[in-house]
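The chain contents come next:
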Amino acid sequence: MSELIQKLRENQNLTEEEFKKILSCEEYDEDLRQNADAVRREQYGNQVYLRGLIEFTNYCKNNCYYCGIRRDNRNVSRYRLTQDEILECCREGYALGFRTFVLQGGEDPYFTDQRVCSIVSAIHQEFPDCAITLSMGEKSFESYLAYFQAGAERYLLRHETASPEHYGKLHPAEMSCRNRQECLFHLKKIGYQVGAGIMVGSPYQTLDHIIEDLRFLQKLQPQMIGIGPFLSHQDTPFRNEKNGELKLTLRLLSVLRLMFPKVLLPATTALGTVHPLGREMGLKAGANVIMPNLSPTSVRKKYMLYDNKICTGDESAQCRQCTERRAASIGYEVVTDRGDAKDFRRE
Ligand code: SAH
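Residues numbered from 1 in each chain as written. Predicted model: local features only at pLDDT ≥ 70, side-chain atom pairs only at ≥ 80, totals over all residues. Heavy atoms only, no water.

A.B. asks: Any details on the overall build of the protein chain? Residues and values, ideally.
C.D. replies: In terms of helices and strands, the protein chain carries 14 helices and nine strands. Whereas a compact globule of 347 residues would reach a radius of gyration of roughly 20 Å, the protein chain reaches 19 Å, a difference of no more than 12%. When its C-alpha atoms are laid out on the principal axes, the protein chain stretches across 55 × 40 × 40 Å. Going through the 347 residues of the protein chain one by one, you find that 59% of them count as buried. (Helix = DSSP H or I, 4+ residues; strand = E, 2+ residues; numbered from the N terminus. Rg over C-alpha atoms; globule rule 2.2 N^0.38 Å. Buried < 20%, exposed > 50% of the residue type's maximum accessible area, 1.4 Å probe, protein only.)

A.B. asks: Residues and numbers for the nonpolar core, please.
C.D. replies: Ranked by internal contacts, the top residues of the largest apolar core, which has 95 residues, are Ile123 and Leu134. A total of nine residues in this core trace back to one element, the largest contributor, which is helix H10 (residues 246–259). Leaving out residues up to four positions away in the same chain, Ile123 has contacts with Ile86, Leu87, Cys90, Phe101, Leu103 and Ile132. Core analysis: the second largest hydrophobic core is formed by 12 residues, Tyr44, Val102, Leu264 and Val335 among them. (Core = buried A, V, L, I, M, F, W, Y, C linked by side-chain atoms within 4.5 Å. Contact = heavy atoms within 4.5 Å.)

A.B. asks: Describe the site of the ligand, naming the residues involved and giving the relevant values.
C.D. replies: If you check the shell around the ligand, you find 16 residues, and the closest are Tyr66, Gly105, Arg158, Glu160 and Leu231. Leu231 is positioned such that a nitrogen or oxygen atom in its backbone is 2.7 Å from a nitrogen atom of the ligand. Taking 550 Å² as the accessible area of the ligand by itself, protein coverage stands at 91%. When the residues that make up the shell around the ligand are grouped by side-chain class, the tally is nine nonpolar, four polar and three charged. (Near = heavy atom within 4 Å. Polar contact = N/O pair within 3.5 Å; in protein donor to acceptor, adjacent residues only side chain to side chain. Areas by Shrake-Rupley, 256 points an atom, 1.4 Å probe, with all protein chains shown as cover. Nonpolar A, V, L, I, M, F, W, Y, C, P; charged D, E, K, R; others polar.)

A.B. asks: Summarise helix H3 (residues 29–44); cite the residues concerned and give the values.
C.D. replies: Between its terminal C-alpha atoms H3 stretches 22 Å, which fits the 22 Å expected from 16 residues at 1.5 Å a residue. For H3, the set of buried residues is Asp31, Leu32, Asn35, Ala36, Asp37, Val39, Arg40, Gln43 and Tyr44. Where the residues of H3 are buried, they touch helix H1 (3–11), helix H2 (16–24), strand E1 (47–50), H10 and helix H12 (278–284). Positive phi shows up at Gly45, right after H3, with a value of about 60 degrees. (Expected span 1.5 Å × (residues − 1).)

A.B. asks: Give a detailed account of the sheet that holds E1, specifying residues and quantitative values.
C.D. replies: Read from one edge to the other, the open sheet built from three strands follows the order E8-E1-E9, with strand pairing classed as parallel. One side of each edge strand has no neighbouring strand; the edge strands of this open sheet are strand E8 (289–290) and strand E9 (333–335). Lying on the sheet, helix H14 (residues 316–329) is in contact with E1, E8 and E9; it crosses E9 at an angle near 140 degrees. (Pairing = 2+ DSSP bridges. Axes fitted to C-alpha atoms, helices over the stretch in contact; angles between N-to-C directions.)

Written out as structure tokens, the structure reads:
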């Protein structure tokens, strides 16, 4: 085994120079992958956790340069799911074995705290054995607290990049790196299991930025880390930017598994979009979560964060079966428990 990978596995840390070497050279890839898979097996065996993704609104007040549902994209046909429609997705998901529901959407002012809490408590009441995850952007401490008290236990909010300078190149001036990071610390303080993360290969991203991201993650200690390649969308200012690389994404997944042995790492939809077997490769590189789509088929094409997004023509049941098949094809087993983070303790 290469000394560098051994050191990373033992210390769960490296110097900046060492991280740079691993992230920029192919020669470590095989070693990195094998060790990441070994650590993942020590922690989670061959199990893959499921999260059912419900894309409940594509209205957004933000204008992130990379995102297909940004405010200024006039070509999006906007939709919102009603509380009943969301519950219907959960019922379908429950029957398919999902025990985590992720409500993701743009930052849509229609969904006031009252509406969000009403939806969360309705899901919580009907499915007390399920975890509710929210992914709806930056809110106040009070709002996050209210959702938590209504029954949400997890929150996904990628920090996108830990570098304020890089953040400023991906977002308009009214958005701030600091506020986003503060939100993550608020969420942790309230007691959520928190997911942070980045897009790999986003425009202007350098290896130094990625290392800053690793340092930020060490500080935050999230329960989940969501990473996927940046993929361009034709109706955004980044339409001509190059897509993120599969190889670097896989490398980074393995580095994250070695740095954070117990973390939940999804093999994301973006990874499955950049390569037909991207998610399988992600699992083999250390990922242990898949988030199949549970949104009604009628709205799926409207939640286009990037071009060519996969699974937009499928039914939930198809996505569920497809996930099972893909995991099994490489020797992993999809399980239907809530899949809480191993190191998570409620205070
Ligand atoms: N409004 C929510 C949900 C955003 S969508 C929020 O602010 O958190 C979820 C994630 O998709 C984003 O955090 C971003 O990292 C990713 N994403 C958005 N556009 C993308 C693109 N063009 N390519 C790859 N990932 C993208």
